[in-house]
Amino acid sequence: MNISITFRQMDATDAVRTYAHDKIARLQKFLRQAMTGQVTLSVEGLEHIADVRIQSGSQSFHANERKPDMYASIDLVLDKLERQIHAQKGAN
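Just so we're clear, the structure is a prediction, and the values are computed from it rather than from any experiment.

This paragraph deals with the overall build of the chain. On a plain count of helices and strands, the chain comes out with two helices and four strands. For the chain, the C-alpha radius of gyration of 13 Å lies close to 12 Å, the compact-globule estimate for 92 residues. Across its three principal axes, the chain shows a C-alpha extent of roughly 40 × 20 × 15 Å. Every one of the 92 residues in the chain was classed for burial, and the buried ones make up 38%.

With that out of the way, let us pick up the nonpolar core. Ile24, Leu27, Leu41 and Ile54 are the most contacted members of the largest nonpolar core, which totals 24 residues. For this core, the secondary-structure elements that each account for two or more residues are strand 1 (2-8), helix 1 (14-25), strand 2 (35-44), strand 3 (47-56), strand 4 (59-67) and helix 2 (70-91). Counting residues per element, this core draws most heavily on helix 2, which supplies six residues. Setting aside its immediate chain neighbours within four residues, Leu27 contacts Met35, Ile54, Leu78, Leu81, Glu82 and Ile85.

In terms of burial, strand 2 is largely enclosed, as seven of its 10 residues are buried. Across seven bridges, strand 1 lies against strand 2 in parallel orientation. Bridging across to strand 2, Arg8 finds its partner in Ser42. Remark: the strand 1/helix 1/strand 2 crossover connection has left-handed handedness. Two strands pair when backbone bridges link them, and strand 2 and strand 3 are joined in this way by 10 bridges, in the antiparallel orientation. Looking across to strand 3, one finds that Val39 is bridged to Val52.

In spatial order, the strands read 1-2-3-4; together these four strands make up an open sheet with mixed pairing. The strands lining the two open edges of the sheet, one partner per strand, are strand 1 and strand 4. Sheet twist, expressed as the average angle between the axes of neighbouring strands with direction ignored, equals 10°. Bridge count between strand 3 and strand 4: nine bridges; the pairing is antiparallel.

Criteria and cut-off values
Residues numbered from 1 in each chain as written. Predicted model: local features only at pLDDT ≥ 70, side-chain atom pairs only at ≥ 80, totals over all residues. Heavy atoms only, no water. Helix = DSSP H or I, 4+ residues; strand = E, 2+ residues; numbered from the N terminus. Rg over C-alpha atoms; globule rule 2.2 N^0.38 Å. Buried < 20%, exposed > 50% of the residue type's maximum accessible area, 1.4 Å probe, protein only. Core = buried A, V, L, I, M, F, W, Y, C linked by side-chain atoms within 4.5 Å. Contact = heavy atoms within 4.5 Å. Pairing = 2+ DSSP bridges. Right-handed = clockwise from strand over helix to strand, strands pointing away. Axes fitted to C-alpha atoms, helices over the stretch in contact; angles between N-to-C directions.

Quick look at the structure:
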């Protein structure tokens, strides 16, 4: 599992980095193959944006979320990705 986290227009704090990494790492249990993830956390005005791309074998998942709180953005983008993974598993 390889997760890279990029910060744009905001300070990179260990708390946010660890929170995002731990949350995204939980998705591995739903996937059969090792995953790679690209997480981009940014701020535009008053909105905190979490944009996540996950690759696992031939499967690819992408979601983004905008909220006034970065932690809420990360939680909601995680929910979206989890729903996408479950929908993909149901289609197989």
